[in-house]
Amino acid sequence: MSQELCRIGQTNVVVALLVVLFAISSWVDINGLWVELPILVQRLPEGWNLPSYMTVIIQVANIAPLVYTVTRAVRPQLNIELAVIYIIITTGAVSCLLLAFLWDHVAMVGEELHSVGLLSLQFFLALVDCTSSVAYLPFMGGFQPGYLNAFFVGEGFSGLLPSLVSLAQGAGNMRCVNYTSMENITVDGVTTAVPKFSVFPVYETPRFSIEVFFFFLFGMLVVSFLAFTLLNFWSYAKKEKVDLDLDQHSCVPTELSFQSASTLSQYELGRPANRATYPMSSASTDQDISSRSRLLLTTVIDGNTVDDDQSSCTPNQVTVTVDEKRLSRWEYVALLVLTAWVNALGNGVLPSIQSFSCLPYGIEAYHFAVTLASIANPVACFVTFFVQVKLLRTVGLLTLLGSGLAGYVIFTAAASPSPPLVQHSLGPFSVITAWVLVVFLLTYSKVSIATMFREEGRRALLWCGALTQVGSLVGAVVTFFLVNFYKLFQQANMCG
């Protein structure tokens, strides 16, 4: 009874909260490093070149999800999912704990001084966070559909929570200081000292230390570890699990009587939706089952549902769940391409150019854009609880709109330090609105695509996670070269 009181529709609120807390572990540590950069660059030898080193390390770490995806594709029978997720969360927690003590350790590498403590531990964080993209989604495929939305809400919070804590810390808070110096100017043999006025930024002292911030990240990962453990072993949470893939059953009947969809709908009157029980019949064959329907079989013996590992191969009844038609091959491929594209923009291109896009409009516009865009991510995930998109053309239209806004954002970055409306009062409003909308639309598209893949089984979610990481990798690498080698983006003066 208590479990029913905690439900909203088909979703248990308590279990959904556990999913959110678990999903926070996906990127909370790497996101934490990024939002702490305004303080780190002031105290480490790399200065503002530090983000470039971090970007390269993250791309090298993509070897981990590649190995995991190939292993699962070649040996799908290996049950390593839970062990890998435990390794991901544990490694992240231990690395954050060590960062609290070792982040400022430096050493000579070649002929330059480098932050070996921070960068080496960041490599381990990148290894496990990149792997979470291909490990977490298949795990969530084992739960009811609504919990996938909760997962993406948690993934959004993995960026939002560190941002809010860094704002409370005062990371990046600065003030523009006027500086007057005297400069000698010689005219017609007469030297005169004239004042020269300049303005430069000065970062304010944070309210609490970098060590405390890393302890916060460690605490969040411990909470995620506990939430994941409860999702796996607490009977209350295990009731929300389902089995998506027929090929995972140890004993599945090869023959059953199947009736047409119209007959099925009549048979189901008075029963739970999309569920009916049929007696076994030797007259039926696999060809009676539509290739466009996904069948979830649960062995029923003497009126009781029995788990796969407990059932025999002589069931007298089979419960058949018939869902909507599966994706066609071209729809499947199209959604994978959209997944790569959306993540290339959202995880690779846009984060790399945000400062170029927003700083010309002022430091306040930059902070508002970063904060509100971080909020737009989990809000978009939460909206999918109530408004779900399950058509390829609708997802394509949303992606097209998001891509158009991304194009405008990229244009403002490329036009820095003099983007459109930079001297107009509408300038800050336009760039902040564009950033909020582009993050909202791309996130909503990403979650919608993952929800559609969830109906296809765990293997589909594995490939969805793999293309997520591939898109992010390509977007980040391309932008890295455009920014650091081709110099297509020019940084604006923060006190301009």
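Numbers given to residues run from 1 along each chain, matching the order in which its sequence is written. In view of the model being predicted, local features appear only for residues whose pLDDT reaches at least 70, and side-chain atom pairs are presented and counted only at 80 or more, with totals across whole chains, interfaces and linings using the full set of residues. Heavy atoms from the whole structure form the basis of all side-chain values; hydrogens and water molecules are not counted.

**Concerning the confidence of the model for the protein chain**
Do not read the fine detail of predicted coordinates wherever pLDDT is low.
Then comes step 1: With 82% of its residues at a pLDDT of at least 70, the protein chain reaches an overall mean of 80.
Then comes step 2: Across residues 245–324, confidence stays below pLDDT 50; counting only partners more than four residues off in sequence or on other chains, it has 118 contacts. Within a predicted model, pLDDT stands for the predictor's per-residue confidence, ranging from 0 to 100. What makes two residues a contact is simply this: any of their non-hydrogen atoms within 4.5 Å.

**A short note on the packing of helix H3 (residues 28–35) against helix H5 (residues 50–60)**
Then comes step 1: For every element, the axis is a line fit to its C-alpha atoms; helices are fit only across the contacting stretch, and the angle between N-to-C directions ranges from 0 to 180 degrees. Helical segments are the DSSP runs of H or I of at least four residues, strand segments are the runs of E of at least two, and each set is numbered from the N terminus. Interaxial distance between H3 and H5 falls to 11 Å at its minimum, and their mutual angle equals 165°. Considering their axes alone, H3 and H5 lie roughly antiparallel with respect to each other. Like other packed secondary-structure pairs, H3 and H5 cross with a definite hand, here left-handed. Contacts between H3 and H5 pair Ile30, Leu33 and Trp34 from the former with Pro51, Met54, Thr55 and Ile58 from the latter.
Then comes step 2: Only Asp, Glu, Lys and Arg are considered charged, only Ala, Val, Leu, Ile, Met, Phe, Trp, Tyr, Cys and Pro nonpolar, and every remaining residue, Gly among them, polar. Its residues assigned to classes, the contact of H3 with H5 comprises 6 nonpolar, 1 polar and no charged. In this scheme, roughly parallel covers angles under 35 degrees and roughly antiparallel covers those over 145, while 65 to 115 is roughly perpendicular and the rest are oblique. Two helices cross in a left-handed way if the nearer one is turned anticlockwise from the farther one by less than a right angle. They cross in a right-handed way if the turn is clockwise.

**As for helix H16 (residues 426–454)**
Then comes step 1: With 29 residues, H16 extends 42 Å from end C-alpha to end C-alpha; this agrees with the ideal 42 Å at 1.5 Å per step.
Then comes step 2: The buried count for H16 comes to 22 of 29 residues, which makes it a mostly enclosed element. Expected span of a helix: the number of residues minus one, times 1.5 Å. Only protein chains enter the calculation, and the probe is 1.4 Å; a residue is then buried if its accessible area is under 20% of its type maximum, exposed if over 50%, and partly exposed in between.

**Focus: unusual backbone geometry**
Most peptide bonds take the trans form, and the phi angle of most residues other than glycine is negative.
Then comes step 1: Each neighbour pair has its own omega, and for Ser416 with Pro417 the value is 10°, a cis peptide bond.
Then comes step 2: Relative to the elements of secondary structure, Pro417 occurs in the loop between helix H15 (392–414) and H16.
Then comes step 3: Positive phi, close to 60°, is recorded for Leu421, a residue that is not glycine.
Then comes step 4: Within the fold, Leu421 resides in the loop between H15 and H16.
Then comes step 5: Exposure remark for Leu421: the relative accessible area of 40% places this residue in the partly exposed category.
Then comes step 6: Phi at Lys487 takes a positive value of approximately 55°, unusual for a residue other than glycine.
Then comes step 7: Assignment of secondary structure puts Lys487 in the segment after helix H17 (458–484).

**Here we look at the nonpolar core**
Then comes step 1: Phe22, Met140, Phe151, Leu231 and Phe453 are the most contacted members of the largest nonpolar core, which has 54 residues in total.
Then comes step 2: Once you skip the residues sitting within four places of it in the chain, Met140 turns out to touch Val19, Phe22, Tyr147, Leu148 and Phe151.
Then comes step 3: Judged by nonpolar contacts, the second largest core, of 37 residues, contains Ile58, Ala61, Ala93 and Ile210. Throughout this description, the term nonpolar core refers to a set of buried Ala, Val, Leu, Ile, Met, Phe, Trp, Tyr and Cys residues connected via side-chain atoms within 4.5 Å.

**Side note on the side chain of Ser115**
Then comes step 1: With respect to the helices and strands, Ser115 occurs in the loop between strand S4 (112–114) and helix H8 (116–140).
Then comes step 2: Residue classification places Ser115 among the buried positions, given a relative accessible area of 0%.
Then comes step 3: Sequence-distant contacts of Ser115, defined by excluding residues within four places in its chain, comprise Leu44, Pro45, Glu46, His105 and Val106.

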